[in-house]
Amino acid sequence: PNTEEFRELSSWMFVQRRNYVKRVNGEKYCMPDDRVERLSQIGFVFDQHEDNWSTKFEELKDYKRHYGDCLVPKTHHNKQLMKWVEMQRSQYKNLQIGDRSSMSPERLERLESVDFVWNANEYKWLQKLAEMRQFFIINGHCKIPVKGNSSLRNWVRRQKS
């Protein structure tokens, strides 16, 4: 469509979304059932924010299938996904302290269904602790050799300081 047609369609879509929100909020005759049904049948997105959230959630599920966890690092090539994951953690913290949050019970449930990690630092610390326990069980001590696991040795050193 040309620019004018695009503007008209965009305005019409805005009105449909606004009327749908009014309907959801209980206002009378904002959008009849048949319009909701017909728009739904063609895949009309009534809530763009929720649609965007769901898209990122699907990306997170793909990430987990590939990497085995939901710890999207800052170095990951998909910076938008990494930022989205950080935002989910931030919104969860806001929810916990009673601040304004977009973390709905449904979103929380969906994230927990994929074992979302709410505190990445705590999660990584507990992983290293489990690794240290395993080392102790096998070796009977916690002295990591110089030529041993440098990652674990560095973690132990940081715990001492």
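It should be noted that the structure appears before, not after, this text.
Below is a summary of the structure that appears in this document.

### Notes on unusual backbone geometry
Located in the positive-phi region is D115, a residue other than glycine, with phi close to 55°. Along the chain, the position of D115 falls in the loop between α5 (105-113) and α6 (120-139). A relative accessible area of 55% places D115 in the exposed class.

### With respect to the packing of helix α3 (residues 48-67) against α5
Here α3 crosses α5 at 10°, and the two axes come no closer than 11 Å. In this view, α3 runs roughly parallel relative to α5, as classed from their interaxial angle. Contacts from H49, E50, W53, S54, F57, E58 and L60 in α3 reach R107, R110, L111 and S113 in α5. Looking at side-chain class alone, the contact of α3 with α5 contains 4 nonpolar, 3 polar and 4 charged residues.

### What to know about the packing of α3 against helix α4 (residues 79-97)
Their axes nearest at 10 Å, the elements α3 and α4 cross at an angle of 105°. Of the possible angle classes, the one that applies to α3 and α4 is roughly perpendicular. Contacts from W53, K56, F57, E59, L60 and Y63 of α3 reach α4 at Q80, L81, W84, V85 and Q88. Across the contact of α3 with α4, the residue classes tally to 7 nonpolar, 2 polar and 2 charged.

### A closer look at the pattern of salt bridges
Under the criterion given, the structure shown has 10 salt bridges. Two residues, D34 and R38, come together in a salt bridge whose shortest N-O distance is 3.7 Å. With D34 and R38 both in helix α2 (residues 33-41) and 4 residues apart, the pair spans about one turn of that helix. Looking at R38, the relative accessible area reads 51%, which means it is exposed. Between D62 and R65 there is a salt bridge; the shortest N-O distance is 2.2 Å. One end of the pair is D62 and the other is R65, both in helix α3 and 3 residues apart, which spans about a single turn.

### Description of the nonpolar core
Side chains of nonpolar character tend, in soluble globular proteins, to be buried together. Counting 17 residues, the largest nonpolar core has L60, W84 and L111 as the members making the most contacts within it. Elements with a contribution of two residues or more to this core: α3, α4 and α5. No other element matches α4, which puts 5 residues into this core. In this structure W84 touches W53, K56, F57, L60 and L111, once residues within four positions along its chain are discounted.

### Structural notes on α4
Along an α-helix, residues three or four positions apart point the same way, because every turn accommodates 3.6 residues. With 19 residues, α4 should cover 27 Å at 1.5 Å per step; its first-to-last C-alpha distance of 27 Å lies within 8% of that length. For α4, the elements touching its buried residues are α3, α5 and α6.

### Section: a nonpolar patch on the surface
There is a patch of nonpolar side chains on the surface, built from F136, I137 and I138 and spanning about 340 Å² of accessible area. Mapped onto the secondary structure, I137 falls in helix α6. Looking at I137, the relative accessible area reads 63%, which means it is exposed.

### Looking at the packing of aromatic side chains
Summed over all chains, the structure comprises 9 aromatic pairs. Look at W53 and F57: their rings are 5.4 Å apart centre to centre, the planes differ by 10°, and that puts the pair in the stacked class. Remark: F57 and W53 occur in helix α3; sequence separation between them is 4 residues, near one turn of the helix. Comparing W53 with F57 shows no difference in burial state: the two are buried. The rings of W12, Y20, F44 and F46 are connected pair by pair, giving a single aromatic cluster.

About the thresholds
- Residues numbered from 1 in each chain as written.
- Predicted model: local features only at pLDDT ≥ 70, side-chain atom pairs only at ≥ 80, totals over all residues.
- Heavy atoms only, no water.
- Helix = DSSP H or I, 4+ residues; strand = E, 2+ residues; numbered from the N terminus.
- Buried < 20%, exposed > 50% of the residue type's maximum accessible area, 1.4 Å probe, protein only.
- Axes fitted to C-alpha atoms, helices over the stretch in contact; angles between N-to-C directions.
- Parallel < 35°, antiparallel > 145°, perpendicular 65-115°, else oblique.
- Contact = heavy atoms within 4.5 Å.
- Nonpolar A, V, L, I, M, F, W, Y, C, P; charged D, E, K, R; others polar.
- Salt bridge = Lys/Arg side-chain N within 4 Å of Asp/Glu carboxyl O.
- Core = buried A, V, L, I, M, F, W, Y, C linked by side-chain atoms within 4.5 Å.
- Expected span 1.5 Å × (residues − 1).
- Patch = residues over 30% accessible without salt bridge, like charges linked within 9 Å, V, L, I, M, F, W, Y side chains within 5 Å.
- Areas by Shrake-Rupley, 256 points an atom, 1.4 Å probe, with all protein chains shown as cover.
- Phe/Tyr/Trp six-rings, centres within 6.5 Å; stacked < 30°, edge-to-face > 60°.

As far as function goes, none of this settles anything; it's purely spatial.
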